Amino acid sequence: MLLDPATGQETPYQADPLKRVDVENLTISEKTHEPIFVSFEDDRQRRVWKDKSFETDFKLISTKLPGLEITPVSNTADERLWLLSASSATQPSVAYLFD
């Protein structure tokens, strides 16, 4: 929900495109204070990307780690370095540093 503090008006921001689950998480850039992605989780986590540069990076990482669920864990203040977790139902989590 987006809230206009001046009017108190609430506006829906993002719903599950598949209409199966509620929003799990909204990830906001610490650098720009703009949304990066909205995530939904049912069988697997799905993301609706709001920042196309992050989406491009994430797609690149996904091709390098096929079959793994990749989760951003932390990042530097300038968002140049990201700590990522990659795992699957049969593989324990492994941490990666993305530059």
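Above this text sits the structure in question.
Residues numbered from 1 in each chain as written. Predicted model: local features only at pLDDT ≥ 70, side-chain atom pairs only at ≥ 80, totals over all residues. Heavy atoms only, no water.

## Side note on the pairing of strand β8 (residues 94-98)
At step 1: Note that strand β7 (residues 82-87) and β8 share five bridges and pair antiparallel. Each residue of the ladder has a partner; that of Leu84, found in β8, is Tyr96.
At step 2: Adjacent in sequence and paired antiparallel, β7 and β8 are bridged by six residues. (Pairing = 2+ DSSP bridges. Helix = DSSP H or I, 4+ residues; strand = E, 2+ residues; numbered from the N terminus.)

## As for the packing of aromatic side chains
At step 1: Within this structure, the stated rule accounts for three aromatic pairs.
At step 2: Clustering of aromatic rings is evident, with ring pairs tying together Phe37, Trp49 and Phe58.
At step 3: The side chain of Arg47 reaches across the aromatic face of Phe37, ending 5.0 Å from its centre.
At step 4: Positioned above the aromatic ring of Tyr13 is the side chain of Lys50, whose terminal nitrogen or guanidinium carbon lies 4.9 Å from the ring centre. (Phe/Tyr/Trp six-rings, centres within 6.5 Å; stacked < 30°, edge-to-face > 60°. Lys NZ or Arg CZ within 6 Å of the ring centre and 35° of its normal.)

## Remarks on the sheet that holds strand β3 (residues 23-28)
At step 1: Here three strands make up an open sheet; going across it, the order is β3-β4-β5 and the pairing antiparallel. Looking at strand neighbours, the two that pair on one side only are β3 and β5 (45-49), the edges of this open sheet. Averaged over all pairs of adjacent strands, the angle between their axes in this sheet comes to 25 degrees, without regard to strand direction.
At step 2: Pairing between strand β4 (residues 35-41) and β5: five bridges, direction antiparallel. From the neighbouring strand, Val38 faces β5, where its bridge partner is Val48.
At step 3: Sheet contacts for helix α1 (residues 52-64): β4 and β5; angle to β5, the most-contacted strand, approximately 140 degrees. (Axes fitted to C-alpha atoms, helices over the stretch in contact; angles between N-to-C directions. Contact = heavy atoms within 4.5 Å.)

## Observations regarding the nonpolar core
Nonpolar side chains tend to gather and get buried jointly when the protein is soluble and globular.
At step 1: In this structure, Ile36, Trp49, Ile61, Leu65, Ile70, Trp82 and Leu84 are the most contacted members of the largest nonpolar core, which totals 13 residues.
At step 2: Broken down by secondary-structure element, the contributors of at least two residues to this core are β4, α1 and β7.
At step 3: Every residue in contact with Trp49, bar those within four places of it in the chain, is listed here: Ile36, Phe37, Phe54, Glu55 and Phe58. (Core = buried A, V, L, I, M, F, W, Y, C linked by side-chain atoms within 4.5 Å. Buried < 20%, exposed > 50% of the residue type's maximum accessible area, 1.4 Å probe, protein only.)

## Quick word on the sheet that holds β7
Strand pairing in a sheet relies on backbone hydrogen bonds. The paired strands run either parallel or antiparallel.
At step 1: Strand order in this open sheet of three strands is β6-β7-β8, and the pairing throughout is antiparallel. Where the open sheet ends on each side, the last strands, each with one partner, are β6 (69-75) and β8. For this sheet the average axis-to-axis angle between neighbouring strands, irrespective of direction, equals 30 degrees.
At step 2: Direction of pairing for β6 relative to β7: antiparallel, over a ladder of six bridges. Across the sheet, Glu69 pairs through a bridge with Ser87, a residue of β7.
At step 3: Relative to the sheet, α1 contacts β6, β7 and β8, its axis offset from that of β6 by approximately 130 degrees.

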